[in-house]
Amino acid sequence: MENKNTVGHLVALLTIFIWGTTFISTKILLNDFTPIEILFIRFIMGLIALMVVYPHRMKVKDKKHELLFMGAGLCGVTLYYLLENIALTFTMASNVGVICSLAPFFTAILTYLFLKDEPLRINFFIGFVVSMVGICLISFSGTSNFQLNPLGDLLAVGATIVWALYSVLTRKISNYGYNTIQITRRFFFYGTLFMIPSLFLFEFKLGLERFADPVNLFNIVFLGLGASALCFVTWNFAVKVLGAIKTSIYIYMIPVITVVTSILVLHEKITSMAAIGTVLTLAGLFVSESKIFLKKKASKQKHNDHAKKAAQV
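Just so it is clear, the structure is predicted and the values come from calculations on it, not from any experiment.

### Notes on the overall build of the protein chain
- A count of helices and strands for the protein chain gives 13 helices and 0 strands.
- Starting at the N terminus, the α and β elements of the protein chain follow one another as α-α-α-α-α-α-α-α-α-α-α-α-α.
- In the protein chain, buried positions account for 49% of the 313 residues.
- Taking as baseline every contact in the protein chain between residues at least 6 positions apart, the subset at least 24 positions apart corresponds to 90%.
- In the form shown here, the protein chain has an accessible surface area of approximately 16,000 Å², with 70% of it arising from carbon and sulfur atoms.

### Here we look at a nonpolar patch on the surface
- Among the surface-exposed residues, Phe-189, Leu-193, Ile-196 and Phe-200 lie close enough to one another that they form a single nonpolar patch of about 420 Å² accessible area.
- Relative to the elements of secondary structure, Ile-196 occurs in helix H8 (residues 180-201).
- Residue class for Ile-196 comes out partly exposed when judged on its relative accessible area of 34%.

### Remarks on empty space enclosed by the protein
- Scanning all chains against the criterion turns up 1 cavity of 30 Å³ or more.
- When its volume is computed, the largest cavity comes out at roughly 40 Å³.
- Looking at the largest cavity, the residues that line it are Ile-173, Ser-174, Tyr-178, Asn-179, Thr-180, Ile-183, Asn-236 and Lys-240.
- Taken together, the elements giving at least two residues each to the lining of the largest cavity come down to helix H7 (150-174), H8 and helix H9 (214-242).

### Things to note about the confidence of the model for the protein chain
- Confidence in the prediction of the protein chain, expressed as mean pLDDT, is 82, and 86% of residues score 70 or more.
- A low-confidence stretch, residues 292-303 stays under pLDDT 50, and its non-local contacts, those more than four residues away or across chains, total 7 contacts.
- Confidence drops under a pLDDT of 50 for residues 305-313, and excluding neighbours within four residues, the segment shows 0 contacts in the predicted structure.

### Some remarks on helix H2 (residues 35-53)
- A rise of 1.5 Å per residue sets the reference length of H2, with its 19 residues, at 27 Å; its end C-alpha atoms lie 27 Å apart and thus fit the reference within 8%.
- Considered for burial, the residues of H2 that qualify are Ile-36, Glu-37, Ile-38, Leu-39, Phe-40, Ile-41, Arg-42, Phe-43, Gly-46, Leu-47, Ala-49 and Leu-50.

Conventions used here
- Residues numbered from 1 in each chain as written.
- Predicted model: local features only at pLDDT ≥ 70, side-chain atom pairs only at ≥ 80, totals over all residues.
- Heavy atoms only, no water.
- Helix = DSSP H or I, 4+ residues; strand = E, 2+ residues; numbered from the N terminus.
- Buried < 20%, exposed > 50% of the residue type's maximum accessible area, 1.4 Å probe, protein only.
- Contact = heavy atoms within 4.5 Å.
- Areas by Shrake-Rupley, 256 points an atom, 1.4 Å probe, with all protein chains shown as cover.
- Patch = residues over 30% accessible without salt bridge, like charges linked within 9 Å, V, L, I, M, F, W, Y side chains within 5 Å.
- Salt bridge = Lys/Arg side-chain N within 4 Å of Asp/Glu carboxyl O.
- 1 Å grid on protein atoms, 1.4 Å probe; cavity = no way out; pocket = protein on both sides within 12 Å on 5 of 7 lines; lining within 4 Å.
- Points joined across faces, edges and corners; volume = space filled by probe spheres on them.
- pLDDT = per-residue confidence, 0-100.
- Expected span 1.5 Å × (residues − 1).

Encoded structure:
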């Protein structure tokens, strides 16, 4: 069991590392593609890849499970990415980055309310506050002021909540014994299906000639096969092993990885505020995942039990 948990943590780290670098690929592709084109193409590519890797037909054990698959695809693929992309057109990227980093908090609350199988610990909330301070420092290190944009910020909050719902649904589905690749493939199918109406609302064209550019081809393949096909499978596996709350905590690392890759790939300079924010974010992650507070609580409970026994004697 301990080895499986270790694998779960490593897989979550791998997933977040790749997701943290997707900002770079998306930024490059936006020169020739619209957000909806990038989104639809990457998930279609991911769906095809999963069908090739694991072509076995999925046998749904209960019709109610199909509704959960539909809900997960709608939340984790369609709504999350659409709301996030639309939010970016109304508010600053730094606002969206900070607000979407609230995902672990909403995931913890919804998991506790609907599943009740993962108790809320004090170290989670302490780590959350420390990480959020760090993420704010990272996100606003390059801006002169914080600006509220109600519509864009509310859309970003909506994106964060639907991702939390996706995490809860994934955790619930993981208890039914389905293959992780198969359920991810199902999510992608419903996600792209629900995305089709948005193709008529936003600017979308096939434009295959754009893939003749090796840079475009590499980045869309990276997003489709790496960030979508591989990462959703590994993330769903991590949620299955570690639980929705513990896995979601790794989301704190995304801004840190984005900062590092921006320095290495885009040659951006890191500010002292961003450096401090990086340290605080990692510290918050450590506190959230640590068992120090749990041990103290267990020790206190053990002391109280001994005291009660002594009183009875």
